[in-house]
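Residues per chain are reported as follows:
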Amino acid sequence: MYQKIINKFLIVLKLMRLHQYVKNLFLFIPLFFVGQITNLELFTNAFVAFIAFSITASSVYILNDYLDIEDDRKHPTKKHRPLASGLILKKPAFLLMSFLSISGLIMMANQSIKAFIVLLIYIALNILYSLRLKHIAIVDITIISIGFVLRIFIGAIVTETPLSKWIVIMTFLLALFLALAKRRDDVLHFMTTGRKMRKVIDGYNLKLIDGAMVIMSSVVIVSY
C-alpha cells in the first residue's frame, strides 16, 4: 500500500517536471547583482516567489502535456511521460494543473500585485505557446527567452531591486542562445535519425542556427 502511494507521488512529481525548476533560479539574479543575496528578508521574498513561480510553471507543463498527449504517444521518448503513457489520467492531471496554477497565483499575489500581473502574463504567453506559437520558428525561441526575462522582472519586483537594462538584455540574449543550442540539437537529431523531435524543426537549419549563435554569444559577452 505504502509503495503504491509512493509510486503515485513520484508520478505526480514527474508530471510537474521538478528538474525544470533550475530555470527559475533566474528570479535570484537581481538580488545577486546588487550584492544583497545574503539579505535574509529579501532572500525569503525571492524564495517564496521562486516557489510560487515554480508550481505555476508546473501547471503550464501539465497543460502542454495535456494538449500534446496524442503526439507524445508517437514520440520515442515523450511517450514515457505520465500522461502519454497512461500513468496518470487526464482528469486528475487537469485537477492538479488547476490546483497548482491557482496556488501559485495566490502565493504571488500575497507577495506583490505587480509580480502577480507579470505571472499572469507568463501564463498567457505559455498558453499561446502551447496552443500555437511553439510551431512557429523563431517565435518559439523568442517566447522561451521572454519567459526568462519575466523571471528576473518578478525577482526584481518582490525584492524591490532596480533592474539594469543590461541585465535584461543579457538575460534575453543568453536564453535565446540556449534555446538556439537546443534547436540545433533537434536539427542534428533529425539529420541523423530522420525523426523530428518537434514540428517546428522544419523552420530551422544548421546554417541559420550557427550564424545566430555566433552573433548571440558575442553580444551576450559585450552586454555582460
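Residues numbered from 1 in each chain as written. Predicted model: local features only at pLDDT ≥ 70, side-chain atom pairs only at ≥ 80, totals over all residues. Heavy atoms only, no water.

Draft legend 1. Quick peek at the nonpolar core. Ranked by internal contacts, the top residues of the largest apolar core, which has 21 residues, are Ala 49, Phe 53, Met 108, Leu 119, Tyr 122 and Ile 154. Where this core is concerned, the elements lending two or more residues are α3 (40–67), α6 (90–111), α7 (113–131) and α8 (139–159). It is α7 that contributes the most residues to this core, 7 residues altogether. Those residues in contact with Phe 53, other than ones at most four positions away along the chain, are Asn 24, Leu 27, Met 108, Leu 119, Tyr 122, Arg 151 and Ile 154. (Core = buried A, V, L, I, M, F, W, Y, C linked by side-chain atoms within 4.5 Å. Buried < 20%, exposed > 50% of the residue type's maximum accessible area, 1.4 Å probe, protein only. Helix = DSSP H or I, 4+ residues; strand = E, 2+ residues; numbered from the N terminus. Contact = heavy atoms within 4.5 Å.)

Draft legend 2. Quick look at the environment of Leu 67. Its place among the elements puts Leu 67 in helix α3. Sequence separation between Leu 67 and Ile 55 is 12 residues, and the spatial gap between their C-alpha atoms is 19 Å. In contact with Leu 67, other than residues within four places in its own chain, are Ser 130 and Leu 131.

Draft legend 3. Geometry of unusual backbone geometry. Residue Arg 17 is not a glycine yet carries a positive backbone phi of 55 degrees. Turning to its location among the elements, Arg 17 is positioned in the loop between α1 (2–16) and α2 (29–33). Positioned with a positive phi, Glu 160 is a non-glycine residue whose angle comes to about 55 degrees. Of note, Glu 160 is situated in the loop between α8 and α9 (165–193).

Draft legend 4. Local environment of the side chain of Arg 151. Looking at the secondary structure, you find Arg 151 in helix α8. Comment: no salt bridge for buried Arg 151; closest opposite-charge side chain is Asp 65, at 14 Å. If we ignore the near neighbours within four places in the chain, the residues touching Arg 151 are Lys 23, Asn 24, Phe 26, Leu 27, Phe 53, Tyr 61 and Tyr 122. (Lys, Arg positive; Asp, Glu negative; His and termini not counted. Salt bridge = Lys/Arg side-chain N within 4 Å of Asp/Glu carboxyl O.)

Draft legend 5. Structural view of a nonpolar patch on the surface. On the surface, Phe 32, Phe 33, Ile 37, Phe 43, Phe 47, Ile 51 and Tyr 224 cluster together into a nonpolar patch covering about 690 Å² of accessible area. Counting residues per element, the nonpolar patch draws most heavily on α3, which supplies 3 residues. Secondary-structure assignment places Phe 33 in helix α2. (Patch = residues over 30% accessible without salt bridge, like charges linked within 9 Å, V, L, I, M, F, W, Y side chains within 5 Å. Areas by Shrake-Rupley, 256 points an atom, 1.4 Å probe, with all protein chains shown as cover.)

Draft legend 6. Looking closely at the pattern of salt bridges. Per the counting criterion, the structure on display carries 7 salt bridges. In this structure, Glu 70 and Arg 73 form a salt bridge, with 3.2 Å as the shortest nitrogen-oxygen distance. Of this pair, Glu 70 and Arg 73 both sit in helix α4 (residues 69–73), 3 residues apart, which is roughly one turn of the helix. When its relative accessible area of 45% is taken as the criterion, Glu 70 is described as partly exposed.

Draft legend 7. Summary view of the packing of α6 against α7. At a closest axis distance of 6 Å, the pairing of α6 and α7 adopts a crossing angle of 150 degrees. As far as their axial angle goes, α7 and α6 are roughly antiparallel. On α7, the residues that touch Gly 104, Leu 105, Met 108 and Ala 109 of α6 are Ile 113, Ala 115, Phe 116, Leu 119, Leu 120 and Ile 123. By residue class, the composition of the contact of α6 with α7 is 9 nonpolar, 1 polar and no charged. (Axes fitted to C-alpha atoms, helices over the stretch in contact; angles between N-to-C directions. Parallel < 35°, antiparallel > 145°, perpendicular 65-115°, else oblique. Nonpolar A, V, L, I, M, F, W, Y, C, P; charged D, E, K, R; others polar.)

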